Amino acid sequence: MNKKSLIINLSVILVVTGFSVYFLISKNVITQETVKYLLPLSVLAVFGVCYLSLFGESLVNYLTVKPMLPDWKFRYSISERLYGKLGSDVTPFKSAHYPLRLYYYARRKYGFYE
């Protein structure tokens, strides 16, 4: 990834995060009362469970795909899971989950039926 695309990606992430926080604060979803009871350990536990879940799903994907594609790397499995998760989370009825995963395989120069 070149420097320009990294800057664009980080800018988009910051803008979306900023709008999300603004919306949550303006609609009183996040209040001082809510934040008062939020423990740093709780936040770390949630992130830890999310990362463990991603690691477990990626490991299963890696162990499944590796026998068929010998040059498949574990980081490819992590990226492929994230593409699928993105497709599931941003579209209604999770309709882009598999198309985005197939797109990732195509970007890696693997055919669908390989």
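Cut-off values and rules
Residues numbered from 1 in each chain as written. Predicted model: local features only at pLDDT ≥ 70, side-chain atom pairs only at ≥ 80, totals over all residues. Heavy atoms only, no water. Axes fitted to C-alpha atoms, helices over the stretch in contact; angles between N-to-C directions. Helix = DSSP H or I, 4+ residues; strand = E, 2+ residues; numbered from the N terminus. Left-handed = near helix turned anticlockwise from the far one by under 90°. Contact = heavy atoms within 4.5 Å. 1 Å grid on protein atoms, 1.4 Å probe; cavity = no way out; pocket = protein on both sides within 12 Å on 5 of 7 lines; lining within 4 Å. Points joined across faces, edges and corners; volume = space filled by probe spheres on them. Nonpolar A, V, L, I, M, F, W, Y, C, P; charged D, E, K, R; others polar. Buried < 20%, exposed > 50% of the residue type's maximum accessible area, 1.4 Å probe, protein only. Salt bridge = Lys/Arg side-chain N within 4 Å of Asp/Glu carboxyl O.

Caption draft 1: Looking closely at the packing of helix H3 (residues 40-65) against helix H4 (residues 74-90). Packing of H3 against H4 brings their axes to within 8 Å, and their N-to-C directions diverge by 115°. Note that H3 runs across H4; the crossing there is right-handed. Across the interface between the two elements, Leu54, Phe55, Glu57, Ser58, Leu59, Asn61 and Tyr62 of H3 pack against Phe74, Ser77, Ile78, Glu80, Arg81 and Leu82 of H4.

Caption draft 2: Structural detail: unusual backbone geometry. Backbone geometry at phenylalanine 93 places phi at a positive 60°, although glycine is not the residue there. Within the secondary structure, phenylalanine 93 sits in the loop between H4 and helix H5 (97-107). In this model, lysine 109 sits at a positive phi of 70°, which is unusual for a non-glycine residue. By secondary structure assignment, the location of lysine 109 is in the segment after H5.

Caption draft 3: Highlighting the layout of surface pockets. Considering only enclosed or pocket space, the second largest pocket measures out at about 310 Å³ in volume. Lining the second largest pocket are Cys50, Tyr51, Ser53, Leu54, Glu57, Arg81, Leu82, Lys85, Leu86, Ser88, Asp89 and His97. Those elements that provide at least two residues to the lining of the second largest pocket are H3 and H4. Counting residues per element, the lining of the second largest pocket draws most heavily on H4, which supplies six residues. Looking at the lining of the second largest pocket, its residues break down into five nonpolar, three polar and four charged.

Caption draft 4: Molecular detail of the environment of serine 5. Turning to its location among the elements, serine 5 is positioned in helix H1 (residues 3-26). Residue serine 5 is classed as partly exposed on the basis of its relative accessible area, which comes to 25%. Sequence-wise, serine 5 and glutamine 32 are 27 residues apart; in three dimensions their C-alpha atoms are separated by 36 Å.

Caption draft 5: Geometry of the side chain of arginine 101. On the secondary structure map, arginine 101 appears in helix H5. Sequence-distant contacts of arginine 101, defined by excluding residues within four places in its chain, comprise Asn61, Glu80, Arg81 and Gly84.

Caption draft 6: Examining the pattern of salt bridges more closely. With the rule as written, the count across this model stands at four salt bridges. Arginine 81 is the salt-bridge partner of glutamate 57, the closest N and O atoms lying 3.2 Å from each other. In this pair, glutamate 57 is assigned in helix H3 and arginine 81 in helix H4, connecting sequence segments 24 residues apart. What makes glutamate 57 partly exposed here is its relative accessible area of 37%. Its relative accessible area of 18% is what places arginine 81 among the buried residues. Note that arginine 101 is salt-bridged to glutamate 80, the shortest N-O span being 2.1 Å. Placement of the pair is arginine 101 in helix H5 and glutamate 80 in helix H4, with a sequence separation of 21 residues. For glutamate 80, a relative accessible area of 0% puts it in the buried group.

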